[in-house]
Structure formats: C-alpha cells, structure tokens
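The residues making up each chain are set out below.
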Amino acid sequence: MPRVYIIDVTNRDGVQTSRIGLSKLGKTIINMYLNDMGIFQSEFGFPFTHHETNYLNANLELAEMGVLAPLRLEGWCRALKKDVDLAFKLCPKIKHLNLSISTSPLMLELKFKGKMTIDSVIDSMVSAVKAAYRLGAESVGVNAEDASRTGIEDLIKFAKAAKKAGAKRVRYCDTLGTDGPLILYKRMKELATKTKIAWEMHCHNDLGMAVACSVAGAKGVIDGGQDAYINTTINGMGERAGNADLLSVLLALKYASGFKGKKLFPKDINLDKIWAFAKYASYAFDIPIPVNQVGVGANAFAHESGIHADGALKNRRNYELYDYEELGRGEQELVETGRMITVGEYSGIKGFRNVYGTLEVEFKNDKEAAKILELVRYANVNTQKPLTKEELFFVARYPKQACKILTVTPPK
Ligand SMILES: [Zn+2]
C-alpha cells in the first residue's frame, strides 16, 4: 500500500526566508531533532553554495557515522547541469538531490522573459537529473515550481520525462499557496494515476491552508496509487506566511476525521521530541511560538472558562483532541532564578566545567576539556547567544564535525 513520508525543508526553505536565519550549528541541531523524530528526509541546504560546504560535508560525515541515520540528507539545486556539477564538486558524498525549475506559463513569461518553453524546461531538468546520477546520486527528485499555476498536461509531460530520466519523485510546488485542498486532492489523484510516479506536496500558507492542502494533496496521491511525500518546516517557518507546519501535518494525518485510522501517519515517526524541538527552533530562530500554535503553543492545553475547565477536569477528551504527553509535554520545567553560569566566546575553564557538570558530561583530562572549551567559544561566535544544552552536548560528543561546521572560509 502506498505510504506517506515527510521531507522537512526547514534547513532550505525555512532559512532562505527574509529575516529568518540559522547558524550552521543550529541547522545541524535541526537535523539531529528530525532524525530523532524518525523523519524520512531533511532538505539540509544548498550544496552549490560555498558557505554551506563545511556544514553539509560534516553532516554527511555524521550520516556515515550513523549519528544522522536513518534520516536522509538531501540538497536543493536549480535544475541546471552547472548547479549539479558544482554541488558534487563541493559535496562529493551527497547522495540525494531535489532539482527545481519553474513550469508555469506565467513564470516562463515573467521570470524567464519568454526565453524558455515548457520543452526547454524539461530538457534542462532531464540533463540535470542525468548529470546527478552520473556523478553518484542515489535518489533525485524534481520540483515543478509554481505547479499550481501550471496546466495538468504540462505537469504530466514534465513528470513522465522526469521518471524516464530516473527521478524518484516530482515535487508539486504550490509556490504562492494559491491552491485549495479540494482542487488539490483532485489534481494530485489525477497526476499520480496518469504519471505513476511518487509526488511531493510543497504548500505555502498565503491563504492559511498549507496544512490542509498538504494532507488533502497527499491523500489524492495515495488514492492515485503512489507514495506521497509532504514538505514541512518546524513551527511553520518559511517564505512569507510560511510552509506547512511539521507538527500540524502529523497531527492532521493522525487525528483528522477522514484521515484517522487510514494508516496515513508515517509509522516510523514519534512525536515525543516535538515539544523540545519546537522550543529549540524558536530559540534558534529568535521567533516566539504563538500562544495558539498547534500542539506546542502555551494555550494548546489551557482551559479557563467554566464549562471548558469543568469538562477538561472531568475527562480530557471533552476538550482535548490528543494528549500533551504524546508531544513530550507535561513535565515541570526548572528555571534558574538565582546565580546562572553560561558559556560563550569569552568563557574560561571554571565556568565551562560548571556548565558541563550540570549536564553530567565528563572529560577524560584537562587537555580534552580545554579543546572542547575552545570549540564552545567558536560555537558561540557562530550562534551569538547562550548555547543550549543540545548545542553543548553536540560540541562535546562530535568535536571533529563541530570544528568543521564552525569553519566558514570565503572563497578567494
Ligand atoms: Zn517553498
């Protein structure tokens, strides 16, 4: 039976967004959380972009070591042979790529200024896919940018050519968030049925429907007999009004009427890290979680009015659709209100040892402690705010990879 998979695009679409950024260490921690949750794939960056190189290669090393596994790390490129060539030059061990190109008549006219037709777009995509396999890719997906404003026949032509070239998936990009869930279900079912290739849903939230469109589209793909992949981001971060929120998509697949019990929820995923993950991402992005955010907002399990509080106290199912324990919530958190020692770029060994002592991390000897302290200083230069326990653990456990991630050298 066809299945639903999650491809999280926080480290690509999330961070390319205006006024949203992550340190390379932050991007790595996002990958660690995605792996811990059992997410299928992380679109972990831009392999043809020089300042990403060390971060990407270090993360590929972590994958080889089994630290970032079974998560698949996939890079985003334009569907141009020259991007693919550069990607493999800078990241020779990259195994998974998604190659993107616009397909809508509107973008062909207004973006490519009429210099490209749907046929030349397909030619460029096919030569990029072939180049990727020649250079060692194991899986390639192709992205139809602005698919929602592309005619169904052109999408079928694009998908069939992609499949023939060896692509494993086609990404349906609702780039402007213009589709509604009803039309998307119909279109995806038809596309899956007629092309016999897996489809990815990539939906934006300009009309507040990114999650609804993602799950409706995925159901269409499944009903069309193919695997469906949903693109998500943590806390819904992404261009303009954002992408489909990771947790909302997963809860919809699990609990929404019409989806519940249909085995759409990916079987390898656990939700008990999402509370910590969402909070980490909020800190790393410097963007607060709205109080009404699905599952992880401060009000997601709060009740005050007489009828609601009474009902929730009698039985949680009166007013709670799912349990906060499932999302890793419910434990009391200790907040230091007195003396606090943090570590940063100007820390010394005593404060450093104190902080790692509270995390119960021990060092073999003073030499090792001094080496990690130096890395922690650089990590703070990278993040520019007090390091979190996730970041401190990472640096202590994987110093070689941390050193690489923290090294950014502009090309001469
Ligand atoms: Zn996007």
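Residues numbered from 1 in each chain as written. Predicted model: local features only at pLDDT ≥ 70, side-chain atom pairs only at ≥ 80, totals over all residues.

1. Quick notes on the overall build of the protein
Selection criterion: Helix and strand definitions follow DSSP, with helices as H or I runs of at least four residues and strands as E runs of at least two, each counted in order from the N terminus. Counting other C-beta atoms within 10 Å of a residue's own tells you its class, since 20 or more makes it buried, 12 or fewer makes it exposed, and anything in between is partly exposed; those C-beta atoms are placed from the backbone. Any pair of residues counts as being in contact when their C-beta atoms, constructed from backbone geometry, are within 7 Å of one another.
Counting its secondary structure elements, the protein contains 16 helices and eight strands. Seen through its principal axes, the protein has C-alpha atoms that stretch 65 × 65 × 35 Å. Going through the 412 residues of the protein one by one, you find that 47% of them count as buried. Across the protein, the fraction of contacts at a sequence separation of at least 24, relative to all contacts at a separation of at least 6, is 73%.

2. Focus on the sheet that holds strand β6 (residues 169-174)
Counted only if it meets this: Strands qualify as paired when DSSP identifies two bridges or more between them. The axes are straight lines fitted to the C-alpha atoms, using for helices just the contacting stretch, and the angles between their N-to-C directions are given from 0 to 180°.
Sheet architecture is closed into a barrel: eight strands sit in the order β1-β2-β3-β4-β5-β6-β7-β8, paired in parallel fashion. Ignoring which end each strand starts from, the neighbouring axes of this sheet average 25 degrees apart. Of the strand pairs in this sheet, strand β1 (residues 4-8) and strand β2 (residues 41-45) are connected by two bridges, and their pairing is parallel. The residue bridging Asp8 from the neighbouring strand is Ser42, located in β2. Contacts from helix α4 (residues 81-90) reach β3 (72-78) and β4 (96-102), with the element oriented near 140 degrees to β3.

3. A few points about the nonpolar core
We count it as follows: A set of buried Ala, Val, Leu, Ile, Met, Phe, Trp, Tyr and Cys residues, joined through C-beta atoms within 7 Å, is what we mean by a nonpolar core.
Of all hydrophobic cores here, the largest spans 120 residues; its most connected members are Leu99, Met125 and Val129. Among the elements that make up this core, the one with the highest residue count is helix α9 (residues 210-223) (nine residues).

4. Thoughts on the domain arrangement of the protein
By a widely used convention, the size of an interface equals the accessible area lost when the partners come together. The test is simple: Reported domain spans reflect what an automatic or database domain assignment gives. Throughout this entry, Asp, Glu, Lys and Arg are counted as charged residues, while Ala, Val, Leu, Ile, Met, Phe, Trp, Tyr, Cys and Pro are counted as nonpolar. The remaining residues, Gly among them, count as polar.
By domain assignment, the protein separates into domain 1 (4-269), domain 2 (275-327) and domain 3 (349-405). One C-alpha centre belongs to domain 1, the other to domain 2; they are set 29 Å apart. Taken together, the contacts link 15 residues of domain 1 with 14 residues of domain 2. Looking at the side of domain 1 that touches domain 2, the elements that each hand over two or more residues are α2 (24-37) and α10 (246-255). Here the side of domain 1 that touches domain 2 takes five residues from α2, the largest share from any one element. Residues that form the side of domain 1 that touches domain 2 fall into these classes: eleven nonpolar, three polar and one charged.

5. Digging into helix α3 (residues 53-64)
Residues spaced three or four apart along an α-helix face the same direction, because each turn holds 3.6 residues. Test applied: Helix span is expected to be 1.5 Å times the residue number reduced by one.
Its twelve residues give α3 an end-to-end C-alpha distance of 16 Å, which sits within 8% of 16 Å, the value for a rise of 1.5 Å per residue. Counted residue by residue, α3 has nine buried out of twelve residues, so it is predominantly covered. Those residues of α3 that sit buried are Thr53, Asn54, Tyr55, Leu56, Ala58, Asn59, Leu60, Leu62 and Ala63. Those residues of α3 hidden inside the fold are in contact with α2, β2, β3, α4 and α16 (399-405). The positive-phi residue at the C-terminal boundary of α3 is Gly66, with phi of around 85 degrees.

6. Topic: the packing of α2 against helix α14 (residues 366-383)
Selection rule: Roughly parallel refers to an angle under 35 degrees, roughly antiparallel to one over 145, roughly perpendicular to one between 65 and 115, and oblique to any angle outside these ranges.
Their axes nearest at 8 Å, the elements α2 and α14 cross at an angle of 95 degrees. Taken together, the axes of α2 and α14 are roughly perpendicular relative to one another. Contact residues: α2 offers Lys24, Leu25 and Gly26, while α14 offers Ala379, Asn382 and Thr383. When grouped by side-chain class, the residues that make up the contact of α2 with α14 number two nonpolar, three polar and one charged.

7. Side note on the packing of α9 against α10
To be explicit about the condition: Left-handed is the label given to a crossing in which the near helix is rotated counterclockwise from the far helix by less than a right angle, and right-handed is the label when the rotation is clockwise.
Where α9 meets α10, the axes come as close as 10 Å, and the angle between the chain directions of the two elements is 50 degrees. With respect to α10, the element α9 is oriented oblique. In the crossing of α9 with α10, the sense of the turn from one axis to the other is right-handed. Two secondary-structure elements touch here, α9 through Val211, Ser214 and Val215 and α10 through Ser248, Val249, Ala252 and Leu253.

8. A word on the pairing of strand β8 (residues 228-232)
On a regular strand, one side chain projects to one face of the sheet and the next to the other, so that they alternate. In terms of burial, β8 is largely enclosed, as five of its five residues are buried. Side chains Ala228, Ile230 and Thr232 project from β8 onto one buried face, and the interleaved Tyr229 and Asn231 project onto a second face that is buried too. When β1 meets β8, the two strands line up parallel, connected through five bridges. Counterpart to Tyr5 in the pairing with β8 is Tyr229. Of the pairings in the sheet, the one linking strand β7 (residues 198-203) to β8 comprises three bridges and is parallel in character.

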